[in-house]
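Here is what each chain is made of, one letter per residue.
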Amino acid sequence: MAIRLYNTLTRSKDEFRPIDPNNVRMYVCGPTVYDDAHIGNARPIIVFDLLYRLLRHEYGADHVTYARNITDLDDKINKRAHERGVTIQELTEGTTARFHAAIDALGALRPTVEPRATHHIEEMKVLCEKLVASGHAYVAEDHVLFSVPSMPAYGKLSKRPLDDMIAGARVDVAPYKRSEMDFVLWKPSTEAHEPGWPSPCGIAQPGRPGWHIECSAMSAAHLGETFDIHAGGLDLIFPHHENEIAQSRSAFGHAIMAKYWMHNGFLNISGEKMSKSLGNFFTVHELLDQYPGEAIRLLLLSAHYRQPLDFTHEGLTQAKATLDRWYGALRGKELKSVPVPASVEEALADDLNTPQAISAVHQLRDPSELKAGAGALGLLQQDAEAWFRWMPAAAASGPSDAEIEAAIAARQAARKARDFKESDRIRDDLKAKGVILEDGPKGTTWKRG
Ligand SMILES: [Zn+2]
């Protein structure tokens, strides 16, 4: 089945034609591991996991190479490690393990390769040398800078007006830049807590790479100088992806870096931008304490990936109810291995139209087809019985049955004594622990919410 993908480079939905169908290659900019992944970070992981699954389905699991890097080199990482009094390696090993645990729970397949920036410093230095030798970069005050005017095609991906790009570049004004838009490929490490490596291009001061050069080096090392798909969040189009293209095309001399550039839209929380100051900031781990990973995955896929996604607790509750229904339909059934229903496959092949694919899954009546259809979205991956054993961590670690009964008895006594303030307090306290009380003619019953 022909796959069509929206390509940011052409601003159109193009038929996907891989450079080599025997080895379809995709690169996704991975996380900067300085802290736990928040739910906004999870969106590209899940969207492009779905793309990876679709490509494996169409071209064969052994014919797709997926590289997603780990940025373990960043000023935020240096700062965090310094504050906590641990080494950068100790910090990033811990955060990487937690990142894996979080996205495994959302059903993301591991990529074929997961290169770490700190393991590719040599390749980044070689790129710096190449770019300086060919006149696309220069050395100034112990920095290596990319010369944007050396690349006439600069701006082709983001299609930003020149003034806009200059204004964007102004946040980082430095006297040693020849042109305002030039960006850093390598910078000196001068503080004790900053990691440093011997510098390229004859610079005596030890230094470290800038962020953009990482992805040019790692994609070339694992996928080749040109490859099929490069993806990430919308916020990466400029400057990150624009700069990656400038570096890779100038260093390797090809007309493209990647053929297709894909970008997912932003994630909002209940209609607002997620931010720590608004108190609507959720890490994946926090959500996994309250909802099954598959419900989070289903909600992340409920909007088309290029559209903004509104992430709400009601949405999660609904997603959980949908999965309860689907798993309920599989319960106790003998399931046959059947192909992915065409209605689901067609929707996914049309630029990952997940809302349509999900509605197609809703139409499937045969349990085997339901499992195959939802399976194409990475859902219904567990045993139905296991699904119904799921319980939120909050409830699992909440009060025992005996504790609940004792609290109910204390509430009854308070009501008898007409101390309604105390009886309400006990009821609210249990509610906060996930236990709902219902007063009926035969007394008080309870359930875990
Ligand atoms: Zn990148």
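Presented here is an overview of the structure given in this document. (Residues numbered from 1 in each chain as written. Predicted model: local features only at pLDDT ≥ 70, side-chain atom pairs only at ≥ 80, totals over all residues. Heavy atoms only, no water.)

## Focus: the coordination of the zinc ion
Then, in step 1: Distances from the zinc ion to its protein donors, Cys29 (SG), Cys215 (SG), His240 (NE2) and Glu244 (OE), fall at 2.1 to 2.4 Å.
Then, in step 2: Coordination at the zinc ion is irregular, judged from the four donor atoms that bind it and the angles of 74 to 128° they form at the metal.
Then, in step 3: Positions of the donor residues of the zinc ion, expressed as sequence spacing, correspond to C-x185-C-x24-H-x3-E. Of this pair, cysteine 215 sits in helix α6 (residues 211-223) while histidine 240 sits in helix α7 (residues 237-252); the two residues are 25 residues apart in sequence, bridging distant segments of the chain.
Then, in step 4: Cysteine 215 sits in the buried class, given a relative accessible area of 1%.
Then, in step 5: Exposure remark for histidine 240: the relative accessible area of 1% places this residue in the buried category. (Donors = N, O, S within 2.8 Å, 3.2 Å for Na, K, Ca; no water. Tetrahedral: all angles 85-135°; square planar, octahedral: opposite > 155°, others 65-115°. Helix = DSSP H or I, 4+ residues; strand = E, 2+ residues; numbered from the N terminus. Buried < 20%, exposed > 50% of the residue type's maximum accessible area, 1.4 Å probe, protein only.)

## Description of empty space enclosed by the protein
Then, in step 1: In this structure the tally under the stated criterion is two cavities of 30 Å³ or more.
Then, in step 2: Around the largest cavity, the lining residues are Val47, Leu50, Leu300, Leu301, Ala303, His304, Tyr305, Leu352 and Thr354.
Then, in step 3: A class-by-class count of the residues in the lining of the largest cavity yields seven nonpolar, two polar and no charged.
Then, in step 4: Considering only enclosed or pocket space, the second largest cavity measures out at about 30 Å³ in volume.
Then, in step 5: Considering the residues around the second largest cavity, the lining is formed by Ile269, Phe282, Leu287, Phe311, Thr312, His313 and Leu316.
Then, in step 6: Across the lining of the second largest cavity, the residue classes tally to five nonpolar, two polar and no charged. (1 Å grid on protein atoms, 1.4 Å probe; cavity = no way out; pocket = protein on both sides within 12 Å on 5 of 7 lines; lining within 4 Å. Points joined across faces, edges and corners; volume = space filled by probe spheres on them. Nonpolar A, V, L, I, M, F, W, Y, C, P; charged D, E, K, R; others polar.)

## Re helix α2 (residues 75-84)
Residues lying three or four places apart along an α-helix face the same way, a consequence of the helix completing one turn every 3.6 residues.
Then, in step 1: Listing the buried residues of α2 in full gives Ile77, Asn78, Arg80 and Ala81.
Then, in step 2: The inward-facing, buried residues of α2 abut α3 (88-105) and β8 (207-209).
Then, in step 3: Near the N-terminus of α2, the side chain that reaches the backbone nitrogen of lysine 76, with its oxygen 2.7 Å away, is that of aspartate 74.
Then, in step 4: Trailing α2 by a residue or two, glycine 85 shows a phi angle of about 70°, which is positive. (Contact = heavy atoms within 4.5 Å. Polar contact = N/O pair within 3.5 Å; in protein donor to acceptor, adjacent residues only side chain to side chain.)

## Concerning the pattern of salt bridges
Then, in step 1: Under the criterion given, the structure shown has 26 salt bridges.
Then, in step 2: Across the salt bridge formed by lysine 125 and glutamate 122, the nearest N and O atoms sit 3.5 Å from each other. Of this pair, lysine 125 and glutamate 122 are both found in helix α4 (residues 121-133), three residues apart, which corresponds to roughly one turn of the helix.
Then, in step 3: With a relative accessible area of 11%, lysine 125 lands in the buried category. (Salt bridge = Lys/Arg side-chain N within 4 Å of Asp/Glu carboxyl O.)

## Focus on the packing of helix α11 (residues 342-349) against helix α12 (residues 354-362)
The description of two helices packed together rests on the angle between their axes and the distance between the axes.
Then, in step 1: Axis separation between α11 and α12 bottoms out at 8 Å; the angle between their running directions is 175°. In terms of orientation, α11 and α12 fall into the roughly antiparallel class. Facing α11, whose interface residues are Ser343, Val344, Ala347 and Leu348, α12 presents Thr354, Gln356, Ala357, Ala360 and Val361.
Then, in step 2: Looking at the contact of α11 with α12 residue by residue, the class counts come to six nonpolar, three polar and no charged. (Axes fitted to C-alpha atoms, helices over the stretch in contact; angles between N-to-C directions. Parallel < 35°, antiparallel > 145°, perpendicular 65-115°, else oblique.)

## Examining the sheet that holds strand β11 (residues 267-269)
Then, in step 1: As summarised here, the arrangement of the three strands in space is β12-β11-β13, forming an open sheet in which the pairing is mixed. Looking at the sheet topology across the chains shown, the edges are occupied by β12 (272-273) and β13 (309-311).
Then, in step 2: Relative to β13, β11 runs parallel, the two sharing three bridges. The partner of isoleucine 269 across the bridge, within β13, is phenylalanine 311.
Then, in step 3: Here helix α1 (residues 39-59) sits on the sheet and contacts β11 and β13; the angle it forms with β11, its principal contact strand, is near 145°.
Then, in step 4: Each of β11 and β13 touches helix α9 (residues 293-300); the most contacted strand, β13, lies at about 145° to it. (Pairing = 2+ DSSP bridges.)

## Considerations on the packing of aromatic side chains
Then, in step 1: Summed over the entire model, instances satisfying the criterion amount to seven aromatic pairs.
Then, in step 2: Aromatic pair tyrosine 52 and tyrosine 66: ring centres 4.8 Å apart, planes at 55°, arrangement tilted. Placement of the pair is tyrosine 52 in helix α1 and tyrosine 66 in strand β4 (residues 64-68), with a sequence separation of 14 residues.
Then, in step 3: Each residue in the set Phe16, Tyr59 and Tyr260 is aromatic and connected to the rest through ring pairs, giving one cluster.
Then, in step 4: For arginine 178, the ring lying beneath its charged end belongs to tyrosine 138, and the centroid distance is 3.9 Å.
Then, in step 5: One residue, arginine 306, lies across the ring of tyrosine 6, its end atom 3.9 Å from the ring centre. (Phe/Tyr/Trp six-rings, centres within 6.5 Å; stacked < 30°, edge-to-face > 60°. Lys NZ or Arg CZ within 6 Å of the ring centre and 35° of its normal.)

## Things to note about the pairing of strand β14 (residues 435-440)
Then, in step 1: Relative to strand β15 (residues 443-448), β14 is paired through six bridges, and the arrangement is antiparallel. Each residue of the ladder has a partner; that of valine 435, found in β15, is arginine 448.
Then, in step 2: Where β14 hands over to β15, the hairpin turn is made up of two residues, counted between the paired strands.

Nothing here speaks to function; it is geometry throughout.
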